[in-house]
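Structural description and commentary
The residues making up each chain are set out below.
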Amino acid sequence: MAAVICGSLAFDTIMNFEGRFAQQILPDQLHILNVSFLVPALRRDFGGCAGNIAYALKVLGGEPLPMATLGTDGASYFERMQGLGISTEFVRQLEGTYTAQAMIMTDLDNNQITAFHPGAMMQAHVTRIEKRPDIKLGIISPDGRDAMLQHAQQFRAADIPFVFDPGQGLPMFDGRELATFVEQATWVTVNDYEGKMLCERTGWTPAEISRKVQGLVVTLGAEGCDVWIGGEKTHVPAIQPDAVVDPTGCGDAWRGAMLFGLEQGWPLVRCAELGNRVGAAKIASRGPQNWRV
């Protein structure tokens, strides 16, 4: 059985700053911020939420169906997915636009500054979700605004259970829209910052959100995650990575692991435990799509 993964495909330009952002930014001068960071190390990776989640799910033995758009420069990404045995059935290449691009800079404390150009991602809504016997579940991850809205409606109409994980796309939506996402979804996953924003905008507590879905997971970085089911919270401790090499794509690896567990019919706490383990494996490796469990 397959999982439809709605989200971005992007090229990631990864830069390492051999210092700390906090030492370069003067808090009392933020109104005239003008900083430059020397980045001796730079590389270009295949990334984007849909691509990274699909990679993680495939590594674990699942069947990902990424639903995303590439630009005129996206041929190498097609080849990448086909080489990994990941379906490109729902991946479109569009003319007149670039593939989404993320420029990510990481400092010595693993803090990150990211600039993102959405490019072809803004037309991701051109592909529709239809009910199919081989599609067991799906996920709404960060994507174009129209795509996130329409794909959630289409999952619901097709009676396909799905995870709502808005990530960095959450600020695009107001409280009413976020409440609709939650009411359509089967599960909700957010990090702690996103969780606070979700609660503030909807006016619901985590306990209340968890009663509207089968489960809510709030990830807490190095502290693990909290799993809310029916208003009750269970803390799932983090797994200590062998080394902290690169946090880029760690959240997507976690998402892929959760999808794998849900495909298997596991309880949500067990899915979160696998997510923590896979996230630790990713953070000990370099590149969002260059690791093994």
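Look up: the structure comes first, before these words.
Keep in mind that this is a model prediction, so the values were computed, not measured.

1. Considerations on the nonpolar core
With 40 residues, the main nonpolar core has I5, L9, M258, L259 and L262 as its most contacted residues. Of all the secondary structure elements, the ones that give two or more residues to this core are β1 (2-6), α2 (49-59), β4 (64-70), α3 (75-83), β8 (135-140), β12 (225-229), α8 (250-263) and α9 (268-283). What L9 contacts, discounting residues up to four positions off in sequence, is G47, G48, A50, G51, A68, T69, L70, Y77, M81, V91, T99 and A100. Residues A158, L170, V188 and V218 belong to the second largest nonpolar core, which totals 35 residues.

2. Observations regarding the pairing of β12
Most of β12 sits out of view: 4 of its 5 residues are buried. Counted between consecutive antiparallel strands, the loop separating strand β11 (residues 215-219) from β12 contains 5 residues, among which G221 sits at a positive phi close to 60 degrees. Bridge count for β12 against strand β13 (residues 232-236) is 5 bridges, and the pairing is antiparallel. Looking at β13, one finds that V227 is bridged to T234. Counting the residues in the hairpin turn of β12 and β13 gives 2 residues, including G230, whose phi is positive at 55 degrees.

3. Section: α3
Of all the residues in α3, the buried ones are Y77, F78 and M81. What you see down the axis of α3 is that its buried residues fit within an arc of 105 degrees, all on one side. In α3, the exposed residues that point more than 90 degrees away from the buried face are E79 and G83. For α3, the secondary structure elements touched by its buried residues are β2 (10-16), β3 (41-47), α2, β4 and β5 (90-93). Looking at the residues trailing α3, positive phi occurs at G85, about 80 degrees.

4. Describing the packing of aromatic side chains
Taken as a whole and assessed by the stated rule, the structure comprises 10 aromatic pairs. Plain terms: the ring middles of F21 and F37 are 5.2 Å apart, the flat faces sit at 70 degrees to each other, and that makes the pair edge-to-face. Here F37 lies in the loop between α1 (21-24) and β3 and F21 lies in helix α1, a separation of 16 residues in the sequence. Residue classification places F21 among the buried positions, given a relative accessible area of 7%. Cluster of aromatic residues (ring-pair linked, three or more members): F11, F46 and Y77. The cationic tip of R44 hangs over the ring face of F11; the distance from NZ or CZ to the ring centre is 4.2 Å.

5. Things to note about the side chain of Q184
Within the secondary structure, Q184 sits in helix α5 (residues 175-184). Using a relative accessible area of 16% as the deciding quantity, one classes Q184 as buried. In this view, Q184 contacts A152, Q153, R156 and F162; residues no more than four positions away in its chain are not counted.

6. Points about the packing of helix α4 (residues 145-157) against α5
One can describe the packing of α4 onto α5 by two numbers: an axis separation of 10 Å at closest approach and a directional angle of 30 degrees. Taken as a pair, α4 and α5 cross one another with a handedness that is left-handed. For the pair α4 and α5, contact is made by R145, M148, L149, A152, Q153 and R156 and by E177, F181, E183 and Q184, respectively. When the residues that make up the contact of α4 with α5 are grouped by side-chain class, the tally is 4 nonpolar, 2 polar and 4 charged.

Analysis parameters
- Residues numbered from 1 in each chain as written.
- Predicted model: local features only at pLDDT ≥ 70, side-chain atom pairs only at ≥ 80, totals over all residues.
- Heavy atoms only, no water.
- Core = buried A, V, L, I, M, F, W, Y, C linked by side-chain atoms within 4.5 Å.
- Buried < 20%, exposed > 50% of the residue type's maximum accessible area, 1.4 Å probe, protein only.
- Helix = DSSP H or I, 4+ residues; strand = E, 2+ residues; numbered from the N terminus.
- Contact = heavy atoms within 4.5 Å.
- Pairing = 2+ DSSP bridges.
- Arc of directions from axis to C-beta.
- Phe/Tyr/Trp six-rings, centres within 6.5 Å; stacked < 30°, edge-to-face > 60°.
- Lys NZ or Arg CZ within 6 Å of the ring centre and 35° of its normal.
- Axes fitted to C-alpha atoms, helices over the stretch in contact; angles between N-to-C directions.
- Left-handed = near helix turned anticlockwise from the far one by under 90°.
- Nonpolar A, V, L, I, M, F, W, Y, C, P; charged D, E, K, R; others polar.

The quantities given are spatial measurements derived from coordinates; they are silent on function.
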